[in-house]
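Breakdown of the fold
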Amino acid sequence: HKKLVKFDNDFLWGASTSAYQVEGANLVDGKGPSCQDVKEVPEGTSDLTVCADHYHHFKEDIALMAEMGFKTYRFSISWSRVLPQGTGKINPKGIEFYNQLIDECLKYNIIPFVTMFHFDMPAALDEKGGWSCPESVEWFLEYARVLFKNFGDRVKYWLTINEQNMLTLAGQVIGALHLPKGCTNEMKEIYQQNHYMLVAQAKVMSLCHDMNPDAKIGPALNISLVYAASCRPEDVIAAQNFNAIRNWLYLDASVYGVYNNLVWAYLQENDACPEFADGDAEALKNGHPDFIGFNYYNTATCQESDGTETDNPVADQQTTGGAAGLYRAYRNEYLEMTEFGWEIDPVGFRGTIREIYSRYRLPMIVCENGIGAYDQLVDGRVHDSYRIQYLREHIEQIQLAISDGCEMMGYCPWSAIDLISTHEGMVKRYGFIYVDREEFDLKQLKRYRKDSFYWYKKVIATHGRDL
Ligand code: BG6
């Protein structure tokens, strides 16, 4: 029995959303399309024209968040709402919308925790090649300048790029990263795009500190431990390989400004090292995050690769199962799965927090964590006991990690309110607030408090003491 340290009274309890998944109004009031708006809609799922219609319901939604007692709300700004073409002309109505959203949060003393980029590159830039263009670094800087200038007086916490590692490992599934026509070395191309994102992020962190010295900024990666399938030393090496490819590459670059040596060697072997432009190495070294934001859903487990299981060397464990010669994805028999086939691993959450802290020694905030499920609205109620259980078990592990000496700033599960999932539509729900619409029937979009809403309200009111 471990002696538990209490959650601080200023611990940031809240929850998350992202613009393209929650706002709707995707081509309204001068907003330009993003790559998400022009991509093919996955079969059987809704498009993004309405989502939860947060754009028109944000006052009601934030009032509900305030009722739960949120200390923070993590949302993202849609780049193409602010800059419809990605660069150049600013859309005043876009600025106005986010001004109102921010002010509405502040009205209830909810701290806006703002993601700058969540999978939604403006289509105008995406058509030019998006992150495959060296100019993407400058595009992102221009956008950042607009954000810091317009919102920096009130936004004191910024997140750079949501899940850059998932963009690199599975960007085509998310619909947010693509390969230029005629690309011959796919892996080199993807890691070059990844490099531009790393440099862009580093420069934006420096810019933030120059423009708003009292603001804090950090990455928002998807970090989770990779286990070895057994104590066979070869399996342990495979797990180290995937840990480096999945996690440490991104954090080593964000925090220390260097490439992880295991990943660099792997890239060299595949003739896939990114080209550095003049000043890139210095920019990486100069960008310093103030904290680490990370999303956690599930751990991964690996065994030694027999060298044959995949033809895609940049595979995510959830998509193609491994990288030849390096690791092979393994189904962890100790873990149960959600209805959508995601492994559930609260203890791995503690392990992940401990590992991040011992490597980087920065305060951390959980920017996403949660369970996607087919919630049912019956007589105005949603009995989502499975969500309560999931979140309770994860919060317990945060407390254990704090008691292990890790510095945790806050917890923002996914998602504050139901929204459209990345590729499984509206029926895969994560929110505390139920949005009454179906995949294609929009109904009245009425909001309902799920059982988890009342439970989370109690958790926050008791500073995590009553779980
Ligand atoms: C994270 C993303 O990867 O997981 C979110 O940052 C996403 O955008 C969330 O919605 C849950 O994934 P999914 O695929 O169930 O929507």
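Residues numbered from 1 in each chain as written. Predicted model: local features only at pLDDT ≥ 70, side-chain atom pairs only at ≥ 80, totals over all residues. Heavy atoms only, no water.

1. Let's talk about the layout of surface pockets
Quantified by volume, the second largest pocket comes out at close to 230 Å³. Lining the second largest pocket are 13 residues; nearest its centre among them are Asp8, Asp10, Phe11, Met408 and Met409. Counted by class, the lining of the second largest pocket contains nine nonpolar, no polar and four charged residues. (1 Å grid on protein atoms, 1.4 Å probe; cavity = no way out; pocket = protein on both sides within 12 Å on 5 of 7 lines; lining within 4 Å. Points joined across faces, edges and corners; volume = space filled by probe spheres on them. Nonpolar A, V, L, I, M, F, W, Y, C, P; charged D, E, K, R; others polar.)

2. So, the nonpolar core
In this structure, Phe70, Met116, Phe140, Trp158, Tyr411 and Tyr456 are the most contacted members of the largest nonpolar core, which totals 143 residues. Ranked by residues supplied to this core, first place goes to helix α9 (residues 186–211) with 13 residues. Discounting chain neighbours no more than four positions away, the residues touching Phe70 are Trp13, Gly14, Ala15, Met65, Ile110, Ala416, Phe432, Tyr456 and Ile460. By size, the runner-up hydrophobic cluster in this structure holds 10 residues, among which are Phe113, Leu159, Ala220 and Met409. (Core = buried A, V, L, I, M, F, W, Y, C linked by side-chain atoms within 4.5 Å. Buried < 20%, exposed > 50% of the residue type's maximum accessible area, 1.4 Å probe, protein only. Helix = DSSP H or I, 4+ residues; strand = E, 2+ residues; numbered from the N terminus. Contact = heavy atoms within 4.5 Å.)

3. Some points on unusual backbone geometry
Glycine aside, residues mostly have negative phi, and peptide bonds are mostly found in the trans state. Across the junction of Trp414 and Ser415, the peptide omega takes the value 5°, indicating a cis bond. Along the chain, the position of Ser415 falls in the loop between β12 (408–411) and β13 (433–436). Phi at Asp53 takes a positive value of approximately 50°, unusual for a residue other than glycine. Asp53 sits in the buried class, given a relative accessible area of 12%. At Asp271, a residue that is not glycine, the phi angle is positive and equals roughly 50°. Within the element layout of this structure, Asp271 appears in the loop between α11 (261–269) and α12 (280–286).

4. Some remarks on the environment of Glu60
Note on placement: Glu60 falls in helix α3 (residues 54–68). On the accessibility criterion, Glu60 (37% relative accessible area) is partly exposed. For the pair Glu60 and Glu104, spaced 44 residues apart in sequence, the C-alpha separation works out to 10.0 Å.

5. Structural notes on the sheet that holds strand β4 (residues 157–162)
Where strands meet in a sheet, backbone hydrogen bonds hold them as pairs that are either parallel or antiparallel. A barrel is described by the order of its strands in space; here eight strands give the closed sequence β1-β2-β3-β4-β5-β7-β11-β12, paired in parallel fashion. Here the strands of the sheet are splayed against their neighbours by 30° on average, with no regard to which way each runs. Strand direction decides the pairing type here: strand β2 (residues 72–76) and strand β3 (residues 111–117), joined by five bridges, are parallel. What sits directly across from Phe75, in β3, is Val114. Against the sheet, helix α7 (residues 136–151) touches β3, β4 and β5 (216–222), its axis set at about 160° to β3. Helix α14 (residues 385–403) rests against β1 (12–16) and β12 of the sheet, and its axis sits at about 175° to β12. (Pairing = 2+ DSSP bridges. Axes fitted to C-alpha atoms, helices over the stretch in contact; angles between N-to-C directions.)

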